[in-house]
Amino acid sequence: MVSRRSQHSQTWISPHVITFLLVVVVIACMALAKPVILPAAVAILLAFVLNPFVIALDRRGIPRVPSVVAVVLLAGAILGCVGWILASQMVQFLNQLPSYQDNVTQRVHELKANGKGSVVAKVEDFIENVTAAATSPIQETAMDSLQRKSPPAKAASAGGQKVLVVNADSPTAQLGPWVTTADTLFEFLASSALVAVLVIYLLINREEIRNRLLRLIGEGHMTLTTKALDDAAQGLSGFLLAQLMINSSFGIVVGIAVWAVGLPYPLLWAVCSTFLRYIPFVGPWIALLFPLTLSLALATGWTKPLVIVAVFIGFELLANLVLEPLLYGQRMGVAPAPLLIAIAFWSWLWGAMGLVLAVPLTVCLVVLGKHVPQLKFFDILLGDEPALSADVHFYQRLLAHDQDEALEVITARLQEVPLPQIFDEVVVPALISAHTDFNNETLSEVELTAVLVSVRELIEELETGSSDAPTESAAAARVTVLGCAARDAGDEAALEMLQRIVDPAVCRLEIVSTDRLVSEVVEMVAEERPSIVCIASLPPGGLAHTRLLCKRLRSRYPDLKIVVGRWGLQGGFDRNRDQLASAGADSFATTLRETATQLVQLGHFLQSASTSAESKAKEPVAASSI
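Residues take numbers from 1 onward in each chain, read along the sequence in its written order. The model is predicted, so local features are restricted to residues of pLDDT at least 70 and side-chain atom pairs to those at 80 or more, both for listing and for counting; the totals for chains, interfaces and linings are taken over all residues. Only heavy atoms go into the side-chain values, all of them from the structure, while hydrogens and water stay out.

Trainee: Explain the nonpolar core here, please?
Mentor: Nonpolar side chains tend toward joint burial in soluble globular proteins. In terms of nonpolar packing, the biggest core is built from 50 residues, with Phe-394, Val-455, Met-497, Leu-498 and Trp-567 touching the most fellow members. Sequence-distant contacts of Met-497, that is, excluding residues within four places in its chain, are made with Phe-423, Val-427, Val-428, Leu-431, Ile-459 and Leu-592. Here the nonpolar core consists of buried residues drawn from Ala, Val, Leu, Ile, Met, Phe, Trp, Tyr and Cys, with membership extended through side-chain atoms lying within 4.5 Å. Relative accessible area decides the class of each residue, using a 1.4 Å probe on protein chains only: under 20% of the type maximum gives buried, over 50% gives exposed, and in between gives partly exposed. Counting residues in each nonpolar core, the second largest holds 37 residues, with Val-195, Val-334, Leu-357 and Val-363 among its members. When checking whether two residues touch, look at their non-hydrogen atoms; a contact exists if any pair is within 4.5 Å.

Trainee: Would you mind going over the pairing of strand E3 (residues 532–536) with me for this structure?
Mentor: Two faces, one strand: in a regular strand the side chains alternate between the faces of the sheet. Extensive coverage of E3 is indicated by the burial of five of its five residues. Helix numbers and strand numbers start at the N terminus; a helix is a DSSP run of H or I with at least 4 residues, a strand a run of E with at least 2. Residues Ile-532, Cys-534 and Ala-536 line one face of E3 and the alternating positions Val-533 and Ile-535 line the opposite face, and both faces are buried. As paired elements, strand E1 (residues 479–485) and E3 share five bridges and run parallel to each other. Bridging from a neighbouring strand, Leu-482 pairs with Val-533 of E3. Strand pairing requires that DSSP identify at least two bridges connecting the strands.

Trainee: When you look at helix H11 (residues 266–276) in this model, what are you seeing that I'm missing?
Mentor: Residue pairs three or four apart in sequence face the same way in an α-helix, which turns once every 3.6 residues. For H11, the buried fraction is high: eight of the 11 residues fall into the buried class. Within H11 the residues assigned to the buried category are Leu-268, Trp-269, Ala-270, Val-271, Cys-272, Ser-273, Thr-274 and Leu-276.

Trainee: What is the right way to read the packing of aromatic side chains from this model?
Mentor: Centre-to-centre distance and the angle between the planes together describe a pair of aromatic rings. Only Phe, Tyr and Trp rings are paired, with Trp represented by its six-membered ring, and only when their centres lie within 6.5 Å; those with planes under 30 degrees apart are stacked, over 60 edge-to-face, the remainder tilted. Tallying each qualifying case throughout the model produces nine aromatic pairs. Ring centres of Phe-250 and Phe-315 lie 5.1 Å apart, and the angle between their planes is 45 degrees; this geometry places the pair in the tilted category. With Phe-250 in helix H10 (residues 222–260) and Phe-315 in helix H13 (residues 303–328), this pair connects stretches of sequence that are 65 residues apart. Of the aromatic side chains, those joined through ring pairs into one cluster are Phe-93, Tyr-265, Trp-269 and Phe-290. Sitting above the plane of the Phe-250 ring, Arg-277 keeps its charged end 5.7 Å from the centroid. We call a charge positioned above a ring when the Lys NZ or Arg CZ atom is no farther than 6 Å from the ring centre and deviates by at most 35 degrees from the ring normal.

Trainee: Sorry if this is basic, but what is going on with a nonpolar patch on the surface here?
Mentor: Patches were defined on residues exceeding 30% relative accessible area and lacking a salt bridge, with like-charge contacts within 9 Å and nonpolar side-chain contacts (Val, Leu, Ile, Met, Phe, Trp, Tyr) within 5 Å. For the area figures, the Shrake-Rupley method with a 1.4 Å probe applies, and any residue is considered shielded solely by the protein chains shown. Every case where a carboxyl oxygen of Asp or Glu lies within 4 Å of a side-chain nitrogen of Lys or Arg is listed as a salt bridge. A cluster of nonpolar residues, Trp-285, Ile-313, Leu-317, Leu-318, Leu-321 and Val-322, forms a patch on the protein surface that exposes about 570 Å² of accessible area. With five residues, H13 is the single largest residue contributor to the nonpolar patch. Position of Leu-321 relative to the elements: it lies in helix H13. Taking relative accessible area as the criterion, Leu-321 reaches 65% and is therefore assigned exposed.

Trainee: Please clarify how a negative patch on the surface should be interpreted in this entry.
Mentor: Only four residue types enter the charge count: Lys and Arg as positive, Asp and Glu as negative, with His and the chain ends excluded. All charge positions are set by atom: Lys at NZ, Arg at CZ, Asp at CG, Glu at CD. A surface patch of like charges, here negative, comprises Asp-404, Glu-408, Glu-457, Glu-460 and Glu-461. Elements with a contribution of two residues or more to the negative patch: helix H17 (403–414) and helix H19 (445–461). Looking at which element gives the most residues to the negative patch, the answer is H19, with three residues.

Trainee: Just to check I follow, could you spell out the packing of helix H18 (residues 419–439) against helix H21 (residues 489–501) for this structure?
Mentor: Between two packed helices, both the angle of their axes relative to each other and the distance between the axes serve to describe the pair. The N-to-C vectors of H18 and H21 enclose an angle of 175 degrees; their axes lie 11 Å apart at closest approach. The orientation of H18 with respect to H21, classified from their angle, is roughly antiparallel. Contacts between H18 and H21 involve Pro-420, Phe-423, Val-427, Val-428, Leu-431 and His-435 from the former and Gly-490, Ala-493, Met-497 and Ile-501 from the latter. Polar here means any residue outside two lists: the nonpolar Ala, Val, Leu, Ile, Met, Phe, Trp, Tyr, Cys and Pro, and the charged Asp, Glu, Lys and Arg; Gly therefore counts as polar. Of the residues belonging to the contact of H18 with H21, the class tally is eight nonpolar, two polar and no charged. Only the stretch in contact is used when a helix axis is fitted, and all axes are lines through C-alpha atoms; the angle between N-to-C directions ranges over 0 to 180 degrees. Here is the rule for angles: anything less than 35 degrees is roughly parallel, anything more than 145 is roughly antiparallel, 65 through 115 is roughly perpendicular, and the remaining ranges are oblique.

Structure follows, in structure tokens:
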């Protein structure tokens, strides 16, 4: 009894529920352990960025530890200089802000003077008048009446409370800001030291860490996991390094532009632009606001603001159209909508630092999801690959009775691959899925019929792109192929696809209706006298019907060429081939393209054999005439 209850409790909890609870626990730990996890995340990203430089020094014969220390010290010196520039320039800018007040006031007055009589000025006057009317004091008579109705207020002195005045000059009050500053500085220095130590550890012991990951997630799949981890590490390092190069170039260009137009603190705006560009979509335009506002406040004309705007727009076009595709491809591998959600999540979790790290961290998760099977859900949720494959999307639209979108799936795929490949990779798997669902009783007979009818209608709408109809002489020389469906309308629809891709100059394919019995098909072969019979049998099942038809045809017509198409078969190739060969089939194929090739080859063989037979038959006649 106890064991049954325990088994019932184990099956009651869904794996999805367990996954959701684990995700919630991980997020809670990441939020609570922010002082530890945030430096660790920064260290991991820095390790990916610096790893190529360490490898380059290793290849030159420099030992690992000196290489790592040299690279980390150089990176720390660069970051320290950047931080010192940012802090000093920011302090100077804040100290000189009051000196810009007169320029800003004069600029505002000029804009108002130039905008008199404009639509904007009229709208501003209207808003000001409405606001003044809404906030004007109540008339005195009305106020008096209200005072008469209300009870007299108590004297302010009645019930007064004693107020304790704290001496603002006490030592404790004076030390408060210094304590806060020291605490913040200590936290920053501790986090920086932790990041430096972790980066050095990760770079020195990268093989040991990789081996531990292999043991954790790659046991039993060592080869695939090793290749996946190597590809993921190289991809992440390349992406992060390329993003750093582009963002740094953006900051340099902004700094040069600000310096060229004569605005103050070009280094400040260069550093801010570099970090703000890590925020996708809106980061560069937030960076534009600071120098643009400063140029509008200080400049007398419109030349400097227009130059600043032109530089930002020009670099963004260059980065989006040239630099990013050249350095790390057209896409980051992350869909736009999930990326925005990820940015909001990392910002909520870790504040401003999470906003800067949002894109690199999200890309890391997507790359890991592509290569690590246990993390595949990251690629599904965040990746930019289609959520459904083409065949599943096509079948889903057929189930929804949406032929228009189903046709769009095929036409969109036609721009990438030829029609025979679309039949094999999209339409045939959809037909197999329909038969599988029907056998599992998840699809009714009416729904299956509707799917098959839709497929046949879509096949008729597609253009094969083949040449025009053959001439009369070529049509007379064509080989007749009789197409027979082993079971139902699904096989018949597959034969219609074969009819559209087989070479019409070699083979003339005629399709037998599924209404005919096996005996009727055998008699029809005697009437039509085809050179080849092609039997279509889509899995699952159908092998017994196909073998029966092959045996009946072989016993009745020993010289007939029989081709069997088990299109879309995923397993059991040898068993199917052996059983069909024993039943009398001459050839066997699992794709429409392969079957079309076999028919054309057999057609050429039969044509050449017929031509040679005719020539041999004419030789005695020619000899007698001589």
